[in-house]
Amino acid sequence: MHRAPASPRRRPSFRVGAALLALGLSLAPAVAALAEPPPGKGQFLVASRDMDDSNFAKTVILLLRYDTDGAMGLIINRPTTVLPEQVIPNVDGLRNYGGPLFVGGPVQLNVVTFLVRGAATLERGAYVRDDLQYSGNSELLAELTASATDAGRLRVYAGYSGWAPGQLDGELARGGWHVVPGDTAVVFSENPETVWESLVPRQAPLSAGRSSAPVGSPPVMADAGRMDVGDAVVAGQRALAAH
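## Some words on the overall build of the protein
Inference 1: Looking only at helices and strands, the protein has 7 helices and 9 strands in total.
Inference 2: Burial status across the protein gives 45% buried among its 243 residues.
Inference 3: Put simply, of all contacts in the protein between residues at least 6 apart along the chain, 72% involve residues at least 24 apart.
Inference 4: Carbon and sulfur atoms provide 55% of the accessible area of the protein, an area that totals close to 13,100 Å².

Okay, structure coming up:
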């Protein structure tokens, strides 16, 4: 039986291919803009607009640690009406400190941690990024505040934010957080209440997971004989929320 010769396959139109290539090139910058850096020490975690956990809604967290043992950081944009000297009375230098006490997170509000920039390398501290260091040692805090120290160089936090191994990765995968490059100037912003809005991306993630109860180890530099400042911090949070 005679078969008709097969018709030759049509090659894709050069014009269509060129158009698709041009479209791909035009989208490349937008795709790159959506890409976020991986989480790591010194980076910011910025709560998504859909974050429904009241502990972390509209927060910006500076990561102090991110490794196989979990993650830990400090919320940098939740000042209270409490002064550090009210909860750490054994550090005399805090009487001349003009900044408020910040809530660093919901874990162990009796743990006090501080960030300092522009200081020489601290023997009882650890670097976060650039010239920014952190510690929880009360004797070191007393030494730093013995001379004039203002909130533009030193920030004091009660509590911290912690995640078990893999927990933060799960929250990131669900769209609960954005990872943004850290910036020491932002940490010491004179208007911390505006920091979240200035950093959160305009586009909303596909989904935002509710953070489970945060867990983690206390900061490695925390004092063993720390005093309980939790009640004072909670009172300060309530007073701030009432305004």
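## Points about the packing of aromatic side chains
Inference 1: For the structure shown, the criterion picks out 4 aromatic pairs.
Inference 2: Ring centres of phenylalanine 102 and tyrosine 157 lie 5.4 Å apart, and the angle between their planes is 45°; on these two criteria the pair is classed as tilted. Of this pair, phenylalanine 102 sits in strand β4 (residues 101-103) while tyrosine 157 sits in strand β8 (residues 154-163); the two residues are 55 residues apart in sequence, bridging distant segments of the chain. Both residues of the pair, phenylalanine 102 and tyrosine 157, belong to the buried class.

## So, the pattern of salt bridges
Inference 1: Counted by the stated rule, this structure contains 6 salt bridges.
Inference 2: Across the pair arginine 49 and glutamate 197 runs a salt bridge whose closest N-O atoms are separated by 3.1 Å. Of the two residues, arginine 49 is situated in the loop between β1 (44-47) and β2 (60-67) and glutamate 197 in helix α6 (residues 195-199); the sequence distance between them amounts to 148 residues.
Inference 3: The class of glutamate 197 is partly exposed, set by a relative accessible area of 36%.
Inference 4: For arginine 124, the salt bridge is made with glutamate 139, and the minimal N-O distance between the two is 3.4 Å. With arginine 124 in the loop between β5 (107-117) and β6 (126-129) and glutamate 139 in helix α3 (residues 138-144), this residue pair connects regions lying 15 residues apart in the sequence.

## Some words on unusual backbone geometry
Inference 1: A positive phi angle, close to 55°, is found at lysine 58, a residue other than glycine.
Inference 2: Assignment of secondary structure puts lysine 58 in the loop between β1 and β2.
Inference 3: Lysine 58 gets classed as exposed once you look at its relative accessible area, which sits at 56%.
Inference 4: Of note in this structure, glutamine 108 is not a glycine but carries a positive phi near 45°.
Inference 5: Along the chain, the position of glutamine 108 falls in strand β5.

## Overview of the side chain of histidine 178
Inference 1: Its location among the elements puts histidine 178 in strand β9 (residues 177-180).
Inference 2: For histidine 178, a relative accessible area of 5% corresponds to the buried category.
Inference 3: Polar side-chain contacts of histidine 178 include one of 2.8 Å to the side chain of glutamate 36.

## As for the confidence of the model for the protein
Any segment with low pLDDT has predicted coordinates that should not be analysed in fine detail.
Inference 1: Here the protein averages 79 in pLDDT, and 69% of its residues register 70 or above.
Inference 2: Counting interchain partners and residues more than four positions distant, the pLDDT-below-50 stretch residues 16-33 has 0 contacts.

## Brief notes about the nonpolar core
Inference 1: Counting residues in each nonpolar core, the largest one holds 36 residues, and the members touching the most others are Phe44, Leu62, Ile76, Leu115, Trp177 and Val187.
Inference 2: Residue contributions to this core peak at 5 residues, all from β2.
Inference 3: The contacts of isoleucine 76, once residues within four sequence positions are left out, are Phe44, Val60, Leu62, Phe102, Tyr157, Val186, Val187, Pro192 and Val195.
Inference 4: Core analysis: the next-biggest nonpolar cluster, separate from the first, contains 19 residues, Val82, Val87, Phe114 and Leu154 among them.

## A short note on the side chain of threonine 80
Inference 1: Residue position: threonine 80 is located in the loop between β3 (70-75) and α2 (84-87).
Inference 2: Polar side-chain contacts of threonine 80 include one of 3.0 Å to the backbone nitrogen of valine 82.
Inference 3: Of note is the side chain of threonine 80, whose polar atom sits 2.8 Å from the backbone oxygen of leucine 101.

Conventions adopted
- Residues numbered from 1 in each chain as written.
- Predicted model: local features only at pLDDT ≥ 70, side-chain atom pairs only at ≥ 80, totals over all residues.
- Heavy atoms only, no water.
- Helix = DSSP H or I, 4+ residues; strand = E, 2+ residues; numbered from the N terminus.
- Buried < 20%, exposed > 50% of the residue type's maximum accessible area, 1.4 Å probe, protein only.
- Contact = heavy atoms within 4.5 Å.
- Areas by Shrake-Rupley, 256 points an atom, 1.4 Å probe, with all protein chains shown as cover.
- Phe/Tyr/Trp six-rings, centres within 6.5 Å; stacked < 30°, edge-to-face > 60°.
- Salt bridge = Lys/Arg side-chain N within 4 Å of Asp/Glu carboxyl O.
- Polar contact = N/O pair within 3.5 Å; in protein donor to acceptor, adjacent residues only side chain to side chain.
- pLDDT = per-residue confidence, 0-100.
- Core = buried A, V, L, I, M, F, W, Y, C linked by side-chain atoms within 4.5 Å.

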